[in-house]
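Here are the chains, one letter per residue:
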Amino acid sequence: MNKLKWLPPILLLLSPFLVIGLLFVGVMFLGAIIGGNQNEAPMYSFDMSELAENEIPSEFIPYYQAAGTKYGVNWLLLASIHRQETNFSQNVAVSSAGAVGHTQVRP
């Protein structure tokens with residue numbers, strides 16, 4: 001039992017940090033549960049640039065818009081991820097990291 005003599009002083013020193021950490025996690029958890037109005041517009045907004053108008057394939061736009069509305073994300077952000085990851089589905093091979101699909105998500 002002599003080996004554990006140092007444990008109580010260390011716990012005493014760390015306890016304020018543990019309490020603050022638990023309070024922070026609790027507040028974040030409560031915020032996630034209570035949430036806000038999910039139909040509110042995001043605090044940020046993007047306008048479609050001329051480059052985006054010329055580059056985004058029109059057949060994908062309804063999918064981006066539907067997902068953006070459902071998940072509260074600007075659809076142009078989803079389009080930019082799709083462009084960056086697979087060049088609008090021109091390269092949907094499994095990546096070296098194991099990411100798959102049109103936006104290269106790891107399973």
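Being a predicted model, the structure only gives us computed values, none of them experimental. (Residues numbered from 1 in each chain as written. Predicted model: local features only at pLDDT ≥ 70, side-chain atom pairs only at ≥ 80, totals over all residues. Heavy atoms only, no water.)

Undergrad: When you look at a nonpolar patch on the surface in this model, what are you seeing that I'm missing?
TA: A cluster of nonpolar side chains, Leu 13, Leu 14, Phe 17 and Leu 18, forms an exposed patch at the surface whose accessible area comes to about 460 Å². Among the structural elements, Leu 18 can be located in helix 1 (residues 7-34). (Patch = residues over 30% accessible without salt bridge, like charges linked within 9 Å, V, L, I, M, F, W, Y side chains within 5 Å. Areas by Shrake-Rupley, 256 points an atom, 1.4 Å probe, with all protein chains shown as cover. Salt bridge = Lys/Arg side-chain N within 4 Å of Asp/Glu carboxyl O. Helix = DSSP H or I, 4+ residues; strand = E, 2+ residues; numbered from the N terminus.)

Undergrad: Sorry, what's going on with the side chain of His 82 here?
TA: Position of His 82 relative to the elements: it lies in helix 4 (residues 75-86). With residues near it in sequence (within four places) discarded, His 82 still touches Phe 60, Tyr 64, Asn 87, Phe 88, Ser 89, His 102 and Thr 103. (Contact = heavy atoms within 4.5 Å.)

Undergrad: Please clarify how the packing of helix 3 (residues 61-71) against helix 4 should be interpreted in this entry.
TA: What describes two packed helices is the angle between their axes and the distance between those same axes. With their axes 8 Å apart at the nearest point, helix 3 and helix 4 run at an angle of 125° to one another. With respect to helix 4, the element helix 3 is oriented oblique. Remark: the crossing between helix 3 and helix 4 carries right-handed chirality. Side by side, helix 3 and helix 4 meet where Ile 61, Tyr 64, Gln 65, Ala 67 and Gly 68 of the first sit next to Trp 75, Leu 78, Ala 79 and His 82 of the second. Within the contact of helix 3 with helix 4, the residues separate by chemical class into six nonpolar, three polar and no charged. (Axes fitted to C-alpha atoms, helices over the stretch in contact; angles between N-to-C directions. Parallel < 35°, antiparallel > 145°, perpendicular 65-115°, else oblique. Left-handed = near helix turned anticlockwise from the far one by under 90°. Nonpolar A, V, L, I, M, F, W, Y, C, P; charged D, E, K, R; others polar.)

Undergrad: Honestly, the packing of aromatic side chains in this entry has me stumped. Any pointers?
TA: For any pair of aromatic rings, geometry is given as the distance between the ring centres together with the angle between the planes. Counted under the stated rule, the structure contains two aromatic pairs. With a centroid separation of 6.4 Å and 15° between ring planes, the pair formed by Tyr 64 and Trp 75 is classed as stacked. With a gap of 11 residues between them, Tyr 64 in helix 3 and Trp 75 in helix 4 connect regions that are remote in the sequence. We classify Tyr 64 as buried; its relative accessible area is 7%. (Phe/Tyr/Trp six-rings, centres within 6.5 Å; stacked < 30°, edge-to-face > 60°. Buried < 20%, exposed > 50% of the residue type's maximum accessible area, 1.4 Å probe, protein only.)

Undergrad: Explain unusual backbone geometry here, please?
TA: Note on backbone geometry: most residues besides glycine have negative phi, and most peptide bonds are trans. Despite not being glycine, Phe 88 has its phi angle at roughly 55°, a positive value. With respect to the secondary-structure elements, Phe 88 resides in the segment after helix 4. Judged by its relative accessible area of 9%, Phe 88 is buried.

Undergrad: So what exactly am I meant to see when it comes to the pattern of salt bridges here?
TA: When charged atoms on two side chains of opposite charge get close, those side chains can pair. Taken as a whole, this structure holds one salt bridge when the rule is applied. Notably, a salt bridge pairs Glu 55 with Arg 83, separated by 2.2 Å at the nearest N-O pair. Placement of Glu 55 in helix 2 (residues 50-55) and of Arg 83 in helix 4 is noted, with a sequence separation of 28 residues between them. Arg 83 sits in the partly exposed class, given a relative accessible area of 34%.

Undergrad: Could you clarify how one ought to interpret helix 3 in this entry?
TA: Since the α-helix packs 3.6 residues into each turn, any two residues three or four apart lie on the same face. The complete set of buried residues in helix 3 reads Ile 61, Tyr 64 and Gly 68. Projected down its long axis, helix 3 carries its buried residues within an arc of 65°, all on one side. Turned more than 90 degrees off the buried face of helix 3, the exposed positions are Tyr 63, Thr 69 and Lys 70. Looking at the packing, one finds that the buried side of helix 3 touches helix 4. (Arc of directions from axis to C-beta.)

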